[in-house]
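In case you want the letters, here they are:
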Amino acid sequence: MKFGVLVNEGPYTHQAANSAYHFTKAALENGHEVERVFFYHDGVNVGTRLSVPPQDERNLQKDWTALAKKHNIDLVICIAAAQRRGLLDENEAKRQGKDANNIAEGFRISGLGQLIEMGIKSDRLVIFGD
Amino acid sequence: MKFGVLVNEGPYTHQAANSAYHFTKAALENGHEVERVFFYHDGVNVGTRLSVPPQDERNLQKDWTALAKKHNIDLVICIAAAQRRGLLDENEAKRQGKDANNIAEGFRISGLGQLIEMGIKSDRLVIFGD
Amino acid sequence: MSTLHIVNKSPFETINLNSCLNHVKEGDSILLIEDAVLGALAQNKLADNISEKLGEISIFALLADLSARGIGRDRLISGIKTTDYAGFVELVANNERTQSWL
Amino acid sequence: MSTLHIVNKSPFETINLNSCLNHVKEGDSILLIEDAVLGALAQNKLADNISEKLGEISIFALLADLSARGIGRDRLISGIKTTDYAGFVELVANNERTQSWL
Amino acid sequence: MSDEVKKFLYVNRKAPYGSIYALESLEVVLIGAAFEQEVSLAFLDDGVFQLTKGQDTKEIGVKNFSPTYRALGDYDVTKLYVEEESLKERGLGIDDLQYLTYEDEDDDYKEKPSIKVVSRKEMADIMAEQDIILSF
Amino acid sequence: MSDEVKKFLYVNRKAPYGSIYALESLEVVLIGAAFEQEVSLAFLDDGVFQLTKGQDTKEIGVKNFSPTYRALGDYDVTKLYVEEESLKERGLGIDDLQYLTYEDEDDDYKEKPSIKVVSRKEMADIMAEQDIILSF
């Protein structure tokens with residue numbers, strides 16, 4: 001079965017992105033497909049490569065990046081939500097005249113249309129938020 | 001009277017940082033002192049210089065930076081909370097081996113001791129959160 | 001020796017206001033800000049609980065937040081006062097401590 | 001034609017579970033995850049409301065979240081089932097749609 | 001599957017301005033309108049406050065996005081279900097909400113109201129008919 | 001003012017793990033302990049779940065920080081007030097909580113319990129006695 005996953009909260013503050021990770025991993029290990037994970041609202045903050053959590057805490061960005069690499073999942077960060085919250089890739093930084101970018105490997109920035117498309121193409125949509 | 005202000009949520013997602021801004025501004029305009037504003041939890045995200053909100057929405061980071069400049073307020077971002085969430089200044093980026101930093105003008109990163117000190121030195125502490 | 005209690009969540013969605021009401025002391029004040037101002041609307045299902053407390057404590061609602069949500073001053077539970085950000089500041093100054101119910 | 005309702009907030013703190021219970025259909029399932037698993041604890045003040053619904057719908061609590069909060073399987077309201085992340089996936093697959101009560 | 005028309009329901013349960021969910025949900029609705037799916041919006045619990053008239057955000061200094069709801073008709077988003085019990089419990093009535101309309105192209109472009117007040121029971125029925133339920 | 005000892009109360013009303021507030025509150029308590037103020041902790045509403053014994057976070061893959069509460073005594077944080085009504089409403093009893101202790105240096109270093117179960121009324125009294133109330 002094809003699943004779409006929507007993540008509405010950032011790492012650490014709420015459990016949502018962590019629950020979504022475990023769900024996605026279990027879906028893949030149980031023979032389902034997860035074509036895309038869409039990060040919206042504060043969920044975009046999952047995709048920063050600048051976080052440095054304490055050694056004894058998990059690094060959720062790295063876990064997502066690794067899972068995406070292993071299973072070829074499309075991790076999409078909403079551009080509108082990302083702009084508000086200061087999440088940028090190299091192109092966006094250039095376009096907005098910003099001197100730095102912070103997006104992590106395995107994530108890409110795109111429009112809200114990708115969320116709707118995910119809803120249309122998936123058999124099931126599962127939402128994790130606050 | 002001396003006020004200390006604690007901000008526990010980031011910009012946009014919750015109203016807390018916005019309410020704290022209006023409160024702080026009103027306190028200063030009404031003859032009180034605000035020595036320090038401490039940003040904790042997701043509040044650290046207020047201090048990113050990479051956000052690009054839509055033209056017709058307010059830019060809360062710029063408002064805080066301007067208010068701090070005008071009234072000489074100390075805007076302190078908690079280092080432990082910032083590390084988890086990917087908020088770095090130039091020194092921290094170097095120390096952590098990161099290739100970019102994102103802190104905005106007028107904010108500085110420091111330890112939780114500054115929150116306790118603010119509590120001790122202020123006549124009143126006001127907390128804004130989720 | 002009084003406390004200013006600050007509540008910022010809708011009392012229809014979370015227990016914060018209720019928990020606050022369970023811990024206030026006579027002479028304390030409650031300031032409703034952000035989504036908590038929704039609780040100030042007359043004839044809501046919690047209005048009686050709130051009115052009951054008004055002899056013992058003062059309740060204020062932040063005007064800026066009422067306006068944003070389209071709630072007119074004339075629609076409030078009788079006895080709830082309104083204030084602006086400057087009044088918020090004075091409430092903080094005039095009470096000995098603040099407690100935020102987050 | 002059934003729905004899997006996913007609730008992630010404590011029913012002692014927010015109305016989400018209550019609102020969900022007000023909108024479920026016979027044959028639906030509710031999965032409690034994150035802080036919502038607190039509601040599964042036997043003898044809590046909402047336990048009777050929850051038990052009442054158990055004839056009509058199924059309620060599951062995520063084991064990983066129960067364990068994290070120190071709640072043993074033997075402490076749950078009778079009739080609430082437990083599941084792991086793989087079971088969560090199957091619940092999603094076996095219902096026609098999911099609805100998250102955020 | 002991708003050629004089917006799916007039924008999308010946007011569930012709004014949070015008040016505006018205290019958090020950004022109402023605004024960012026509306027942004028999804030506007031983008032989603034281009035995909036020619038069957039779209040409905042549900043307003044229950046504190047979500048009913050999203051539709052109040054007379055919202056004035058000048059003092060809090062953020063954008064007033066409530067006029068955007070009036071544009072939904074032009075995007076062919078014409079089904080806004082508001083739960084009656086949710087209104088009542090909060091001291092609100094239908095007259096406290098904006099009067100939103102759309103032009104019905106199947107009925108000589110007559111202007112018709114977009115908001116339909118439904119009971120809790122009807123709301124549950126509407127939810128159970130959907131393919132995709134988006135809640136933020 | 002800076003030479004006075006102030007009474008600090010940390011108010012914990014949220015469950016652990018669903019959000020980070022419990023952990024990040026504990027981090028403030030540990031740092032704050034170095035400032036030699038008068039410190040108390042209050043646990044009410046879902047905050048009482050922070051103290052449950054037997055927490056096992058292996059399956060959710062995050063750090064179990066509940067053992068840290070056992071270290072509070074060594075930091076001279078010895079007053080943990082737990083609200084009785086909050087426990088009861090949630091189906092919990094005092095035996096469900098960790099047994100936390102400190103060594104009383106004024107009483108020959110006897111080991112004494114740190115947790116004191118108080119009524120809602122007593123909790124309100126404790127709150128009203130503070131100089132600084134930190135809630136997250």
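Every chain is numbered on its own, with residues counted from 1 as its sequence reads. The naming scheme follows written order: chains are lettered A onward, ligands numbered 1 onward. Whole-chain, interface and lining totals are the exception, using all residues; otherwise, since this is a predicted model, local features are given only for residues with pLDDT of at least 70 and side-chain atom pairs are given and counted only at 80 or more. By convention in this description, side-chain values take in all heavy atoms of the structure and omit both hydrogens and water.

How would you sum up helix α5 (residues 113–121) of chain A? Please name residues and give values.
Along an α-helix, residues three or four apart share an orientation, since each turn contains 3.6 residues. Think of it in three bands: with a 1.4 Å probe and only protein chains considered, a residue is buried below 20% of the maximum accessible area for its type, exposed above 50%, and partly exposed in between. Segments assigned H or I by DSSP are reported as helices when at least four residues long, segments assigned E as strands when at least two residues long, and all are numbered from the N terminus. Most of α5 of chain A is tucked away, with 7 of its 9 residues classed as buried. Those residues of α5 of chain A not exposed but buried are G113, Q114, L115, I116, M118, G119 and I120 of chain A.

Any chance you could break down the relation of the copies chain A and chain B for me, citing the residues and the numbers?
Both copies of the chain are related through a single rotation about an axis accompanied by a shift along the same axis. Aligned on chain B, chain A shows an RMSD of 0.0 Å; the corresponding rotation is 180° and the shift along the axis is 0.0 Å. With respect to symmetry, the two chain copies, as superposed, fit the operation of a two-fold axis. If distances are taken from each C-alpha of chain A to the rotation axis, the shortest is found for A100 of chain A, at 3.0 Å. Both copies share a contact surface, since 100% of the interface residues of chain A are interface residues in chain B too. When the copies are overlaid, the least-squares fit takes in C-alpha atoms only where the residue has pLDDT of at least 70 in both copies. Residue contacts are counted whenever heavy atoms from the two residues lie within 4.5 Å of one another.

Report on the packing of aromatic side chains, specifying residues and quantitative values.
Centres within 6.5 Å make a pair out of two Phe, Tyr or Trp rings, where for Trp the six-membered ring is used; the pair is then stacked when the planes are under 30 degrees apart, edge-to-face when over 60, and tilted otherwise. Summed over the entire model, instances satisfying the criterion amount to 24 aromatic pairs over all chains. Ring geometry for F23 of chain A versus F88 of chain D: centroids 4.7 Å apart, planes at 55°, classification tilted. Here the residue F23 of chain A occupies a position in helix α1 (residues 16–29), and F88 of chain D occupies one in helix α4 (residues 85–94), the pair thus bridging two chains. A residue is classified by how much of its surface remains accessible, and F88 of chain D, at 1% relative accessible area, is buried. Each ring, one from F65 of chain E and one from Y69 of chain E, has its centre 6.3 Å from the other, and the planes form 45°; the classification is tilted. Among the residues examined, Y69 of chain E registers a relative accessible area of 2% and is labelled buried. Counting every residue linked through ring pairs, the aromatic cluster contains F3, F23 and F128 of chain A together with F88 of chain D. A ring is scored as having a charge over it whenever the NZ atom of a lysine or the CZ atom of an arginine sits within 6 Å of its centre and within 35 degrees of its normal. For K14 of chain E, the ring lying beneath its charged end belongs to Y21 of chain E, and the centroid distance is 4.0 Å.

Please provide a residue-by-residue account of the pairing of strand β1 (residues 2–7) of chain B, values included.
Residues and elements named next belong to chain B. Summarising burial for β1: 5 of the 6 residues are buried, a large majority. Two strands qualify as a pair provided that DSSP identifies no fewer than 2 bridges between them. The pairing of β1 with strand β2 (residues 33–39) spans 6 bridges and is classified as parallel. Counted as the bridge partner of G4 is R36 from β2. Note on the crossover from β1 through helix α1 (residues 16–29) to β2: the handedness is right-handed. Two elements, β1 and strand β5 (residues 124–128), share 5 bridges in a ladder whose sense is parallel. Its bridge partner lying in β5, V7 is registered against F128. When the strands point away from the viewer, a crossover counts as right-handed if the path from the first strand over the helix to the second runs clockwise.

Give me the lowdown on the interface of chain A and chain B, citing residues and values where you can.
Facing the 25 residues of chain A at the interface are 25 residues of chain B. Each partner contributes to the roughly 2300 Å² buried at the junction of chain A and chain B, and carbon and sulfur atoms together form 50% of this total. Only one rule defines a salt bridge in this text: a Lys or Arg side-chain nitrogen within 4 Å of an Asp or Glu carboxyl oxygen. Taken together, chain A and chain B are joined by 4 salt bridges. For E57 of chain B, the salt bridge is made with R84 of chain A, and the minimal N-O distance between the two is 2.6 Å. A simple way to read buried area is as the amount of 1.4 Å-probe accessible surface that goes missing from two parts once joined, with both sides added.

Can you lay out the interface of chain C and chain E for me, pointing to particular residues and giving the numbers?
Listed by partner, the interface residues are 19 residues for chain C and 23 residues for chain E. Counting each side, the surface lost to burial between chain C and chain E is near 1500 Å², with a carbon and sulfur contribution of 51%. Summed over the shared surface of chain C and chain E, the result is 3 salt bridges. We note a salt bridge from K45 of chain C to E89 of chain E, for which the minimum N-O separation is 3.7 Å. Two N or O atoms count as a polar contact when they lie within 3.5 Å, although within protein this holds only if one can serve as hydrogen donor and the other as acceptor, and sequence-adjacent residues are included solely when both atoms are side-chain atoms. For the pair chain C and chain E, the interface holds 9 residue pairs in polar contact (both at pLDDT 80 or more). Residue contributions to the side of chain C that touches chain E peak at 4 residues, all from helix α3 (residues 63–68) of chain C. Residues were grouped as follows: Ala, Val, Leu, Ile, Met, Phe, Trp, Tyr, Cys and Pro as nonpolar; Asp, Glu, Lys and Arg as charged; and all remaining residues, including Gly, as polar. Of the residues that constitute the side of chain C that touches chain E, the class distribution is 8 nonpolar, 5 polar and 6 charged.

Could you give an account of α1 of chain A, naming the residues involved and the relevant values?
The first and last C-alpha atoms of α1 of chain A sit 20 Å apart over 14 residues, in line with the 20 Å expected at 1.5 Å per residue. Most of α1 of chain A is tucked away: 12 of the 14 residues are buried. Among all positions of α1 of chain A, only A16, A17, N18, S19, A20, Y21, H22, F23, T24, A26, A27 and L28 of chain A are buried. Next to the buried residues of α1 of chain A lie β1 (2–7), β2 (33–39), α2 (60–71) and β5 (124–128) of chain A together with α4 of chain D. Looking one or two places after α1 of chain A, you find G31 of chain A, whose phi comes out positive at around 85°. For a helix, the expected span equals 1.5 Å multiplied by the residue count minus one.

How would you sum up the sheet that holds strand β3 (residues 58–62) of chain D? Please name residues and give values.
Adjacent strands of a sheet pair through backbone hydrogen bonds, lying either parallel or antiparallel. Residues and elements named next belong to chain D. Read across the open sheet, the 5 strands follow the order β4-β3-β2-β1-β5; overall the sheet is parallel. The open sheet has two edge strands, β4 (81–83) and β5 (97–101), and neither has a second partner. The sheet shows a mean angle of 30° between the axes of neighbouring strands, direction not considered. Two elements, strand β1 (residues 3–7) and strand β2 (residues 29–32), share 4 bridges in a ladder whose sense is parallel. Note on β2: the bridge partner recorded for H5 is I30. Axes here refer to lines fitted to C-alpha atoms; in helices the fit is confined to the stretch in contact. Angles between the N-to-C directions go from 0 to 180 degrees.

Describe the nonpolar core, listing the residues and the values that go with them.
The nonpolar core is taken to be a set of buried Ala, Val, Leu, Ile, Met, Phe, Trp, Tyr and Cys residues, with the residues joined through side-chain atoms within 4.5 Å. Counting residues in hydrophobic clusters, the biggest one holds 254 residues, and the most contacted among them are W64 of chain A, W64 of chain B, F88 of chain C together with F88 of chain D. Core analysis: the next-biggest nonpolar cluster, separate from the first, contains 10 residues, V52, L88 and A100 of chain A together with L88 of chain B among them.

Break down the pattern of salt bridges for me, citing the residues and quoting the values.
This model, assessed by the stated rule, comprises 72 salt bridges over all chains. One network of salt bridges, in which partners are shared, links E13 and K45 of chain C together with D46, E83, E89, R90 and R120 of chain E.

Please give an account of the sheet that holds β2 of chain B that cites residues and values.
Residue and element names in this part refer to chain B. Read from one edge of the open sheet, 5 strands run β4-β3-β2-β1-β5, paired in parallel fashion. Among the strands making up the open sheet, the edge pair consists of β4 (107–110) and β5. Between one strand axis and the next, the sheet turns by 25° as a mean value, whatever way the strands run. Where strand β3 (residues 74–78) lies against β4, 4 bridges are found, and the strand directions are parallel. When the bridges of β4 are listed, L75 appears paired with F107. Along the sheet, α1 makes contact with β1, β2 and β5, crossing β1 at roughly 170°.

Got a sec to walk through the pairing of strand β1 (residues 3–7) of chain C? Specific residues and values, please.
A regular strand places its side chains on the two faces of the sheet in alternate fashion. All names here are of chain C. Of all 5 residues that make up β1, 5 are buried, and the element is covered over most of its length. With burial as the criterion, each face of β1 is covered, one bearing T3, H5 and V7 and the other bearing L4 and I6. Summarising the sheet, β1 and strand β5 (residues 97–101) pair through 5 bridges and their orientation is parallel. By the bridge assignment, H5 is partnered in β5 with Q99. For the crossover that starts at β1, traverses helix α1 (residues 16–21) and ends in the parallel strand β2 (residues 29–32), the hand is right-handed.

All quantities given are derived from atomic positions and should not be read as evidence of function.
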